[in-house]
Amino acid sequence: MIDKSAVARCFGKAAASYDQHAVLQRLSSDKLLGYLPGLSNGSKAYASTVDLGCGSGALLPTLAHYSESLIAVDLSFGMLAYAQQHHQLPLQPHWLNADAEALPLQSSSIDLCVSNLALQWCDDLAMPLIEVSRCLKQGGLMLFSTLVSGSLNELTLSWSSVNEHRHVNRFLSEPEIKASLLKSGLSVESFQVEIQTMYYSSVKEVMQSLKGIGANHVHNKDARPTTRGELRAFKANYETLRDNQGLLPLSYKLAYCLLRKC
Ligand SMILES: C[S@@+](CC[C@H](N)C(=O)[O-])C[C@H]1O[C@@H](n2cnc3c(N)ncnc32)[C@H](O)[C@@H]1O
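Counting from 1, residues in each chain are numbered in the order their sequence is written. Local features in this predicted model are restricted to residues of pLDDT 70 or higher, and side-chain atom pairs are both shown and tallied only at a pLDDT of 80 or more, whereas totals for entire chains, interfaces and linings draw on every residue. Only heavy atoms go into the side-chain values, all of them from the structure, while hydrogens and water stay out.

Attention shifts here to the overall build of the protein chain. Only DSSP runs of H or I with at least four residues qualify as helices, and only runs of E with at least two residues qualify as strands; both kinds are numbered from the N terminus onward. Within the protein chain one finds 10 helices and 8 strands. Here the globule rule is a power law, 2.2 Å times the number of residues to the power 0.38, and the radius of gyration is based on C-alpha atoms. Taken over the C-alpha trace, the protein chain has a radius of gyration of 19 Å; the compact-globule value for 262 residues is 18 Å, and the two agree within 12%. Taken along its principal axes, the extent of the C-alpha atoms in the protein chain is 55 × 40 × 35 Å. Relative accessibility under 20% of the residue-type maximum defines a buried residue, over 50% an exposed one, and the middle range a partly exposed one, all with a 1.4 Å probe and only protein chains included. For the protein chain, with 262 residues in total, the buried portion stands at 50%. Throughout, a contact is declared for two residues whenever any of their heavy atoms are within 4.5 Å. For the protein chain, contacts bridging at least 24 residues in sequence account for 77% of all contacts bridging at least 6. Accessible surface is estimated by sampling points in the Shrake-Rupley manner with a 1.4 Å probe; for residues, cover comes only from the protein chains shown. Carbon and sulfur atoms provide 52% of the accessible area of the protein chain, an area that totals close to 12300 Å².

To continue, consider the nonpolar core. Put simply, buried Ala, Val, Leu, Ile, Met, Phe, Trp, Tyr and Cys residues joined by side-chain atoms within 4.5 Å make one nonpolar core. Counting 42 residues, the largest nonpolar core has Val114, Leu152, Leu155, Tyr238, Leu250 and Tyr252 as its most contacted members. Top element by residues in this core is strand β8 (residues 248-260). It accounts for 6 residues. Residue contacts for Tyr238: discarding those within four places in its chain leaves Glu154, Leu155, Ser158, Val203, Val206, Leu248, Pro249 and Leu250. Counting residues in hydrophobic clusters, the runner-up holds 27 residues, among them Ala100, Leu129, Val148 and Cys257.

Inspection of the secondary structure assignment puts Leu33 in helix α3 (residues 23-33). Residue Leu33 is classed as buried on the basis of its relative accessible area of 13%. In the structure, Leu33 is positioned 12 residues away from Ala45 in sequence and 13 Å away in space, judged by C-alpha atoms. In contact with Leu33, other than residues within four places in its own chain, are Leu39, Leu59, Thr62, Leu63, Val114 and Leu143.

Turning to the packing of aromatic side chains, a few remarks are in order. Two rings belonging to Phe, Tyr or Trp (six-membered ring only in the last case) form a pair when the distance between their centres is within 6.5 Å. Interplanar angles under 30 degrees mark stacking, angles over 60 mark edge-to-face geometry, and anything in between is tilted. Taken as a whole, this structure holds 4 aromatic pairs when the rule is applied. Ring-pair connections join several aromatic residues into one group, and the members of that group are Trp159, Phe234 and Tyr238.

Further remarks concern the sheet that holds strand β2 (residues 67-74). Pairs of strands are assigned from DSSP output, requiring at least two bridges between the strands. Taken in spatial order, the 7 strands line up as β3-β2-β1-β4-β5-β8-β7 in an open sheet, and their pairing is mixed. Two strands in the sheet have a free side with no partner beyond their single neighbour: β3 (94-97) and β7 (187-200). Going across the sheet, the axis of each strand differs from the next one's by a mean of 15°, ignoring polarity. Both β2 and β3 contribute to a ladder of 4 bridges, which runs parallel. Across the sheet, Val73 pairs through a bridge with Leu96, a residue of β3. Here an axis means a line fitted to C-alpha atoms, over the contact stretch when the element is a helix, while the angle between two N-to-C directions is reported on a 0 to 180 degree scale. Against the sheet, helix α5 (residues 77-86) contacts β2 and β3, and its axis sits at roughly 165° relative to β3. Contacts between helix α6 (residues 126-135) and the sheet are confined to β1 (46-52), β4 (110-116), β5 (136-147) and β8, with β5 contributing the most and set at about 155° to the helix.

Structure below.
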């Protein structure tokens, strides 16, 4: 089971540094919004939109532009508070501190739900999708991105010979994600997977890229602290991955899904 309050605490702590480190998240949200129908004609295409796991609120200005009403949902109160203070929006969103797996929203009340890189933090991907399906009106859309197994492989590889503890969260495989889509009852309009590799000059920067956005909580981590020797061995392993430009890669495998309630 995922410790949701620990996840919320990590993200809340990182709220002020999030935007500065959220490079992958911005690449992902730009790509994700490209899948959304109705953004080109400039009209308010959606009566009611939810940003699920809104974080610091980076998607809110775009969503506010195309929606008549907006609900910003996040598990982390700290993230919601940051988002509320740092965006001047053309409409006032409803701020909702809630878990995507138990949405306090009325059934058949929303037209669009967008979720960028948040649902990999849920216990069971099918749960938020079933919840969103319940809340969508007939014909409504769910557009989300999530991480697929293979993400952060460089970290997994570098820890693998050091000890057997869990240092990296497990991500669902493509078939597991597809099984969750099926359980939601929503119909799949698009499903794309791509690999995005980020590059850093030091192992410290690699780790900072995760901590800076609050994505450093490891589920069910061994209580024994990592020793200095283990950390040194991990860093030495990671150093062997430097490419011919002298940079250290960190790979993400992203799934982009557009679903419709028929
Ligand atoms: C990597 S951030 C992405 C934020 C934002 N969507 C973006 O594109 O920048 C993940 C966000 O999901 C939120 N989150 C994690 N688990 C959640 C859950 N079960 N329900 C709602 N939000 C959740 C976190 O608090 C965090 O703000």
